Amino acid sequence: MEVDDDEEDNLPDIRLNQPVEAKSEDDLHVPDIGVNRPVETKPEDDLPDNGVNRLVKAKPEDDLPGIGVKRPVEVKPIPAKKHWKESAAYVKNLFDIKEILSRTIGGKELIREMTEGLLSFKNRKALTAALVSFLIEKYGQYPRSHIKLAMAKAIVKQFPALDNEDGDGFEVWYTESTTLDGKHDANGYLEHRFRNVRRRDPSCKPDKKTTEASTSSSKSRLTSSVPAISVIVISDDEDSTTSEQMITWLKSNKEPKKQVQEYMKKTVPTRTAYIREHNLPDILKEYPRLLDTEGMVGQDFRTLFPQHCDNLFMKWPSFSDKIIMYAEQQVDFRNLLKLTSDPEKDEEKQNVAIQVLPVLFPSGTIKALEGKKKKLKRATVAESLLSYVQIAPIGTNIPDFLEDVKQTQPFVLLLGNRVTPEQQFVIIERFAIPANSILHAFDLCFKCFYILDLNYPWEGTNAWDFLQKVVYGLGEGKGKMVSTSSVLALKNFITCSAKPKSMEM
C-alpha cells in the first residue's frame with residue numbers, strides 16, 4: 001500500500017510485516033520483530049553480545065575469545081612429537097649433517113671419520129660443538145627434546161657406520177629423559193654440550209627442573225639387588241628339609257667333589273633367596289663352598305643365566321681388535337697401562353683389550369662428605385683402573401696381599417706383567433680365587449658380582465657396565481639404568497653392521 005507523507009503519523013498499529021521502500025539499497029530499516037537474521041558487519045565493528053547468531057568476518061591477527069572461530073595457524077618446521085616419530089623419512093631429511101659440517105672449519109675431516117665410523121676424541125668433541133652451535137642458532141639454548149632427538153637420529157641415518165646392529169646408535173648423541181622404572185635425565189653428547197654451554201652463559205639461569213635434574217643425575221645408579229633373576233622350579237622330591245640337609249652337609253664337606261657340585265646345583269634356588277637378604281660375610285659363612293670350591297660361581301651363573309654364561313669367550317676374539325683400534329683414537333692407552341711393547345699374538349691383544357676399558361670411559365663419581373656438606377667426587381683414571389685390575393710382582397705373598405686389601409668389591413689381580421702374567425686371581429672378601437687365564441679371571445670376576453648380588457666399584461663402574469650390557473647381553477637390571485655416552489659409542493663401533501673402511505685394510 002502506498003502511503004502519502006502527510007498520512008504517516010495517522011497510520012494504525014497493525015504489527016504486520018510490510019515491504020518498505022528503502023531510501024537506498026545500503027540503508028534498509030526493518031523493525032525488530034524477534035527474527036534471527038544474518039548481519040553483515042565490518043571487521044572493525046564492535047558489536048555487543050545480544051544473543052544473535054551471526055557470521056563475523058575477522059582479520060587473521062584478531063584474537064576473538066569465546067566465539068568458536070577457527071583460524072589457520074602457521075605450521076612450524078618441526079612436527080609434533082607423535083607425528084615425526086612415525087615418519088623415518090622426515091627424520092632423515094630434517095637435518096642435513098653434511099651441509100651443516102661443510103660450513104664448519106675442519107668439516108671435511110669430520111665427514112671422513114664419520115663415514116669410516118671411527119671418530120677421534122678431538123674430532124668427536126668438534127662435531128658435537130658444531131651441531132650444538134647449529135641448534136642454538138636455530139632454536140636457542142633450550143630446544144625441545146624431539147628436535148635434539150631428530151638431530152641424533154639424522155647422524156646415524158646419514159652415517160650408518162656410526163650406528164649399531166640394534167639400530168639404537170643415536171642414543172650416543174641423545175637419549176630422552178624418562179620416569180619409567182626409575183628416573184633418569186636426558187643423556188648423550190648433544191645434551192652434555194648444551195648443559196656446558198648454558199652453565200658458562202650467565203644469562204641462563206637454571207630453573208627448578210634443571211636444578212632437580214642436576215641433583216638426580218649425580219646420584220648413584222647402582223642397585224643393591226639383581227631383579228629379573230631366572231625362576232628355577234624345584235622338583236617335588238626336593239622339599240625344604242632336603243635342601244636344608246644338603247646345605248648342612250656342604251658346610252662340613254669338600255669331598256667328594258662330584259657330590260659337592262650336585263648339592264650346590266640343587267640348592268641354587270634356596271641360596272639365591274638367601275643372598276638377597278644377607279650381607280657377604282653371612283653368605284660365605286652359610287655357603288663356604290661357593291668360593292673355596294673351583295667352578296661353583298660359574299655353575300650358579302650357568303644355572304641362572306644359561307644363555308649368557310659363555311658370551312665373553314664367544315665374543316671377545318672378534319671384539320678385541322676393534323677395541324684396540326678404537327682406543328688408539330681416544331687416549332694414550334699404552335702410557336696409561338704402562339705397556340712396554342705392543343701385543344702381537346691374538347691372546348695378547350685380547351688381554352690388553354679387556355684391560356683398556358676403564359681408560360676409555362669416564363671415571364665414576366660419588367657424593368663424599370666434606371665438612372658438613374656432600375660434594376661430588378670423581379675418581380682419577382688410576383683409581384678407576386685399580387678398582388678393576390691390579391698388577392703385583394711375581395712371588396707376591398698372597399696371604400699378605402689379602403691382609404692389606406681395602407676394596408670390598410671383587411677385582412682381578414695379575415702377578416707379573418699386564419700382557420702375559422704368570423698367575424691371575426679374582427680377589428673378593430679376602431679370598432683369592434685362581435683363574436686359568438686373564439679372560440677367565442675377568443669372566444669369573446663379573447659373575448661374582450651377579451651371583452653374590454654385589455655393586456660394581458664406583459670408581460670403575462662404566463667398564464663393568466660395558467661388559468654387562470654389550471658383552472654378556474644382560475641389559476638393564478643391575479648397575480646403571482642408562483649407560484654413559486662413551487659406553488654406547490664403543491658399542492656402536494664394535495657392533496656396527498656397516499664395516500668401517502679402516503678395517504678393510
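Just above, that's the structure.
A.B. asks: Got a minute to help me understand empty space enclosed by the protein in this structure?
C.D. replies: In this approach the atoms are scanned with a rolling probe the size of a water molecule, which exposes any empty space left behind. Considering all chains together, one arrives at three cavities of 30 Å³ or more under this definition. Within this model, the largest cavity holds a volume of roughly 190 Å³. What lines the largest cavity is a set of 14 residues, and nearest its centre among them are Leu119, Leu162, Trp173, Tyr326 and Ala489. Broken down by element, the lining of the largest cavity gets its largest block of residues, three residues, from helix α23 (residues 485-495).

A.B. asks: Is there a simple way to think about the pairing of strand β2 (residues 373-378) in this case?
C.D. replies: Both faces of the sheet carry side chains from a regular strand, because those side chains alternate between them. Of all six residues making up β2, only zero are buried, and the element is barely covered by its neighbours. Linking two consecutive strands that pair antiparallel, namely strand β1 (residues 365-370) and β2, is a turn of two residues; a positive phi of about 75 degrees is found at glycine 371 within it.

A.B. asks: Before we go on, may I ask you to explain the sheet that holds strand β4 (residues 411-415) in this structure?
C.D. replies: To summarise the sheet geometry, strands pair through backbone hydrogen bonds and adopt either a parallel or an antiparallel arrangement. As summarised here, the arrangement of the four strands in space is β3-β4-β5-β6, forming an open sheet in which the pairing is mixed. The open sheet has two free edges, formed respectively by β3 (389-392) and β6 (431-434), since each of these has just one partner strand. The mean angle between the axes of side-by-side strands here comes to 30 degrees, regardless of whether they run parallel or antiparallel. Pairing of strand β5 (residues 423-428) with β6 involves four bridges; the strand directions are antiparallel. Its bridge partner being in β6, isoleucine 428 is matched across the sheet by phenylalanine 431. Here helix α21 (residues 438-451) sits on the sheet in contact with β3, β4, β5 and β6, set at roughly 10 degrees to β5.

A.B. asks: I would appreciate a short explanation of the pattern of salt bridges in the present structure.
C.D. replies: Overall, the coordinates contain 18 salt bridges when judged by the stated rule. Two residues, arginine 334 and aspartate 342, come together in a salt bridge whose shortest N-O distance is 2.6 Å. Under the relative-accessibility criterion, aspartate 342 is labelled partly exposed at 43%. Bridged by salt links that share partners, the residues Glu109, Arg112, Glu113 and Glu116 form one connected network.

Conventions we followed
- Every chain is numbered on its own, with residues counted from 1 as its sequence reads.
- For a predicted model such as this one, the threshold for reporting local features is a pLDDT of at least 70, and the threshold for listing and counting side-chain atom pairs is 80 or more; totals across whole chains, interfaces and linings nevertheless cover every residue.
- Heavy atoms throughout the structure, all of them, feed into the side-chain values; hydrogens and water do not.
- Think of a 1 Å grid over just the protein atoms. A cavity is a set of points where a 1.4 Å probe fits yet cannot get out, a pocket is an open set with protein on both sides within 12 Å along at least five of seven lines, and lining residues have an atom within 4 Å of a point.
- Grid points are joined across faces, edges and corners, and a volume is the space filled by probe spheres set on the points.
- Secondary structure is summarised from DSSP: a helix means a run of H or I of at least four residues, a strand means a run of E of at least two, and numbering begins at the N terminus for each.
- Each residue gets one of three labels from its accessible area relative to the maximum for its type: buried under 20%, exposed over 50%, partly exposed in between, using a 1.4 Å probe on protein chains only.
- The pairing criterion is simple: DSSP has to find at least two bridges between the two strands.
- Here, axes are lines fitted to C-alpha atoms. For helices the fit covers the stretch in contact, and angles between N-to-C directions go from 0 to 180 degrees.
- Contact between two residues is taken to exist if any of their heavy atoms lie within 4.5 Å; hydrogens are not considered.
- A pair is scored as a salt bridge if a Lys or Arg side-chain nitrogen falls within 4 Å of a carboxyl oxygen belonging to Asp or Glu.

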